[in-house]
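Reading the structure
The lines below spell out each chain.
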Amino acid sequence: MSSVDQHFVSKTLLVAQPAPASERGPWHWLKKNLFATPKDIVLTLIAVAFLAWTIPHLVDWLFINAVWSGTDRTFCATTVQGGTQPDGWNAACWAFVRAKFVIFMFGLYPPDERWRPLLVCILMVASFAPLLIPSVPRKGLNAVLAFFVLPIVSFFLLHGGFGLEIVETERWGGLLVTLVIAFVAIAVSFPFGIALALGRRSKMPVVRMLCVIFIEVIRGVPLITVLFMASYMLPLFMPQGWTVDKLLRAVVGVAIFTSAYMAEVIRGGLQAIPKGQFEGADSLGLGYWQKMRLIILPQAIKLVIPGIVNTYIGMFKDTSLVAIIGMFDLLGIVRQNFADANWATAVTPVTGLVFAGFVFWLFCFGMSRYSGFVERHLDTGHKR
């Protein structure tokens, strides 16, 4: 063995050795990350002091002194005396959320028909769970059920027909509207975004120009403008007597807007693929679509999973902008109920917004954690 090989082997063995006991454990982690330098010590102490002052107040406001039950504003209008909260502060009025919870979830959907949205939620979970769990087989069949069969069944369950009572979309609201818009936008924007990204990189000038114009025009205007044009401008260009459902217009607007952003995310992944991958696919005699489907797109999508999920998280939160066209998603219907005189207190709006923010955070955090799981599952490039 040469001296170069001996040096490489000894260095490899040195790296492979476990860290000493003094460099492991919670105390070492604290010293390394929080108390490494005098500046880190000062910042850590300030942060600990801030948390020690803030957390007790938040716990008292949110849980301990909060009002959990009641029938009207009088239960939440009293002020907190004692505890860690400053005197005169109103604690959270969860009785308001409890009384309005069904409205926050379904809007004005008929009470006797609310089993239909619940059934749609169950079908959605049952359809998407096999797709999200890597070990479950038959992904193709699951994809067909989730993206083709489920939307049709959900439409007739939610809207009605075939013996079910018709429920106009004007009566939909709350989390139901948020999930409908988000689900359709996600289902539509992903394939459309891939098509636009491939079209922008196409060697055909007309296709490339059309895709560039579409992407740049949509990305160049805010979502509010797209929703406004879909709701108020589109009917002006339609024949007299024709109309398009307001929810459908909102869904199409959000889906188009998300597709333009998704196209740029996918294009970034395509540009990151080494040229040798394209040349290797060509050397195997693969056609364009075979090359993209089997070799290029799987690698490109894996590279941009964080960007894809980031786009979907932003879109999910932007569904609250449908209030501009007179629709009420979760945040919109929570704000609408602030005007209920039966619950008009100083703390009611804050409690309602905290509830809406928590629900949005719950869904966005779930998407973020799942994307991290997918990244770790697919990160096989450096594993032995």
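None of the values given here were measured: they were computed from a predicted structure. (Residues numbered from 1 in each chain as written. Predicted model: local features only at pLDDT ≥ 70, side-chain atom pairs only at ≥ 80, totals over all residues. Heavy atoms only, no water.)

1. What to know about the pattern of salt bridges
Summed over the entire model, instances satisfying the criterion amount to seven salt bridges. E113 is the salt-bridge partner of R116, the closest N and O atoms lying 2.8 Å from each other. Comparing R116 with E113, the two get one shared label, buried. In this structure, the salt-bridge partner of R219 is E216, at a minimum N-O distance of 3.7 Å. (Salt bridge = Lys/Arg side-chain N within 4 Å of Asp/Glu carboxyl O. Buried < 20%, exposed > 50% of the residue type's maximum accessible area, 1.4 Å probe, protein only.)

2. Here we look at the packing of helix α12 (residues 288–303) against helix α13 (residues 305–318)
It is the contact of α12 with α13, at a shortest axis distance of 4 Å, that shows an interaxial angle of 65°. Judged by residue contacts, I301, K302 and L303 of α12 engage I305, P306 and I308 from α13. Of the residues in the contact of α12 with α13, the class split is five nonpolar, no polar and one charged. (Axes fitted to C-alpha atoms, helices over the stretch in contact; angles between N-to-C directions. Helix = DSSP H or I, 4+ residues; strand = E, 2+ residues; numbered from the N terminus. Contact = heavy atoms within 4.5 Å. Nonpolar A, V, L, I, M, F, W, Y, C, P; charged D, E, K, R; others polar.)

3. Overview of the state of the cysteines
Note on terminology: disulfide describes a covalent bond linking the sulfur atoms of two cysteines. A full pass over the atoms with the stated rule returns one disulfide. Between the sulfur atoms of C76 and its disulfide mate C93 the distance is 1.8 Å. Across the disulfide from C76 to C93, rotation about the S-S bond amounts to roughly 60°, and the bridge is consequently right-handed. Of this pair, C76 sits in the loop between α3 (38–64) and α4 (94–106) while C93 sits in the loop between α3 and α4, and the two are 17 residues apart along the sequence. Per residue, the accessibility class of C76 equals that of C93, and both read buried. (Disulfide = S-S within 2.5 Å.)

4. What to know about a nonpolar patch on the surface
On the surface, W115, L119, I122, L123, L141, V144, L145, F147, F148, V149 and V153 cluster together into a nonpolar patch covering about 940 Å² of accessible area. When contributions to the nonpolar patch are tallied by element, the ones reaching two or more residues are α5 (115–132) and α6 (139–159). Among the elements that line the nonpolar patch, the one with the most residues is α6, at seven residues. Mapped onto the fold, V149 is located in helix α6. Overall, the relative accessible area of 38% leaves V149 in the partly exposed class. (Patch = residues over 30% accessible without salt bridge, like charges linked within 9 Å, V, L, I, M, F, W, Y side chains within 5 Å. Areas by Shrake-Rupley, 256 points an atom, 1.4 Å probe, with all protein chains shown as cover.)

5. Focus: the UniProt feature "transmembrane region" (unreviewed entry) in the protein chain
The UniProt record annotates "transmembrane region" (unreviewed entry) at residues 41–68, 115–133, 140–162, 174–198, 210–235, 247–266 and 344–366. End C-alpha to end C-alpha, residues 140–162 measures 29 Å, and it is 87% helix and 0% strand. The span residues 174–198 is 96% helix and 0% strand, and its two end C-alpha atoms sit 36 Å from each other. (UniProt positions renumbered as here; feature names shortened; annotations may be inferred.)

6. Some points on the environment of L119
Looking at the secondary structure, you find L119 in helix α5. Note: C-alpha distance between L119 and L158 (39 residues apart in sequence) is 9.5 Å.

7. Brief notes about the environment of V359
Within the element layout of this structure, V359 appears in helix α15 (residues 348–378). Assessed through its relative accessible area of 10%, V359 is described here as buried. For the pair V359 and L331, spaced 28 residues apart in sequence, the C-alpha separation works out to 9.7 Å. Residues within four places of V359 in sequence aside, it is in contact with L175 and L330.

8. Some points on the side chain of T311
Locating T311 in the fold gives a position in helix α13. A residue is classified by how much of its surface remains accessible, and T311, at 15% relative accessible area, is buried. Residues contacting T311, with those up to four places away along its chain left out, are T258, Y261, M262 and V265.

9. Concerning unusual backbone geometry
Look at R138: it is not a glycine, yet its phi comes out positive at around 60°. The exposed category is assigned to R138, whose relative accessible area is 65%. With phi around 55°, F162 is a residue other than glycine that occupies positive phi space. Note on placement: F162 falls in the loop between α6 and α7 (175–200). We classify F162 as exposed; its relative accessible area is 76%.

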